[in-house]
Amino acid sequence: MPPSSFPGTPGTGPRLLPFLIQRDGTWLYRGSAIKRKAMLCMFSSMLTRDPEGTYWLKTPMEQGIIQVEDVPFVAVELDFRGTCGRQQNLCFRTNMDELICIGPEHPLSCDWDRPSDECASVPYVHVRDGEGAFPILARVTRAVHYELAALAVPGHVKGEPCLGVWSQDCFFPLSRPA
């Protein structure tokens, strides 16, 4: 890793902050886990993503690039509301206690091509927009993925049959279309 530098210093790149967000959602500062939930929630609210997909922590005092192994958040709990089918509302609670309801503003997507030791596919939910085309996502845990799978119904994506879930009148595939 290149040495850190201060933003604005001529001839140097952006500052690399000593943060790492592990795949399981653990935030490390200089190799040690941050345990204070209030501090984690504050930092996570200041996290953004630039047009190249790089994660930035932008606080009032400083800003810099941080490392993220997969995505910064983890969806750890599923809440089912409403009636089954198109009108149900599926909401996640993230490891930062944000509530995200799957729908047009927060779509659920699966990455079938990413290697996973957990499941056949890796589901992600859109938490918020970044500064470019790369959103900030939460990875759905295995336990929550199984809960989603239990709610799966047959549907179609681009005319191809698959299994998926409905939320806020939108269908989200959980299996690769045939």
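Reading the values: the criteria
Residues numbered from 1 in each chain as written. Predicted model: local features only at pLDDT ≥ 70, side-chain atom pairs only at ≥ 80, totals over all residues. Heavy atoms only, no water. Helix = DSSP H or I, 4+ residues; strand = E, 2+ residues; numbered from the N terminus. Buried < 20%, exposed > 50% of the residue type's maximum accessible area, 1.4 Å probe, protein only. Contact = heavy atoms within 4.5 Å. Areas by Shrake-Rupley, 256 points an atom, 1.4 Å probe, with all protein chains shown as cover. Arc of directions from axis to C-beta. Disulfide = S-S within 2.5 Å. Core = buried A, V, L, I, M, F, W, Y, C linked by side-chain atoms within 4.5 Å. Domains from an automatic or database assignment. Lys, Arg positive; Asp, Glu negative; His and termini not counted. Salt bridge = Lys/Arg side-chain N within 4 Å of Asp/Glu carboxyl O. Polar contact = N/O pair within 3.5 Å; in protein donor to acceptor, adjacent residues only side chain to side chain.

The chain appears in an unreviewed UniProt entry as Proteophosphoglycan from Gluconobacter oxydans.

Right, let's get into the overall build of the chain. Looking only at helices and strands, the chain has 2 helices and 15 strands in total. With 178 residues in all, the chain has 40% of them scored as buried. Sequence separation of 24 or more characterises 45% of the internal contacts of the chain that already satisfy a separation of 6 or more. Accessible surface, the chain as shown: approximately 9,800 Å² in total, 56% of it carbon and sulfur.

What follows covers helix H2 (residues 142-150). Where H2 is concerned, the buried positions are Val144, His145 and Leu148. Along the axis of H2, the buried residues cluster in a sector spanning 105°; they form a single face. Away from its buried face, by an angle of more than 90 degrees, H2 presents the exposed residues Ala143, Tyr146 and Ala150.

As enumerated under the stated definition, the model contains 1 disulfide in all. Between Cys91 and Cys101 runs a disulfide, and the two sulfur atoms are separated by 2.1 Å. Taking the torsion about the sulfur-sulfur bond, which here is approximately 90°, the covalent link between Cys91 and Cys101 counts as right-handed. Of this pair, Cys91 sits in strand E8 (residues 89-94) while Cys101 is found in strand E9 (residues 99-101), placing the two residues 10 residues apart along the sequence. Cys91 gets classed as buried once you look at its relative accessible area, which sits at 10%.

With 36 residues, the main nonpolar core has Phe19, Trp27, Ile66, Phe92, Leu108 and Leu148 as its most contacted residues. Split by domain, the residues of this core number at least three in each of domain 1 (14-66) and domain 2 (71-173). Beyond its immediate sequence surroundings of up to four residues, Ile66 is in contact with Leu17, Phe19, Ile21, Trp27, Leu47, Tyr55 and Leu57.

The next thing to look at is unusual backbone geometry. With a phi angle near 55°, Arg30 is a residue other than glycine that sits in the positive phi range. Here Arg30 shows up in the loop between strand E2 (27-29) and strand E3 (32-33). The phi torsion at Asp97 lies on the positive side, around 65°, for a residue other than glycine. Position of Asp97 among the secondary structure elements: in the loop between E8 and E9.

For Arg49, the location among the structural elements is in strand E4 (residues 47-49). One buried charged residue, Arg49, forms no salt bridge at all, with the nearest opposite charge on Asp50 at 6.7 Å. A polar side-chain atom of Arg49 sits 2.9 Å from the main-chain carbonyl oxygen of Gly53. For Arg49, the side chain forms a polar contact with the side chain of Tyr55, separated by 3.3 Å.

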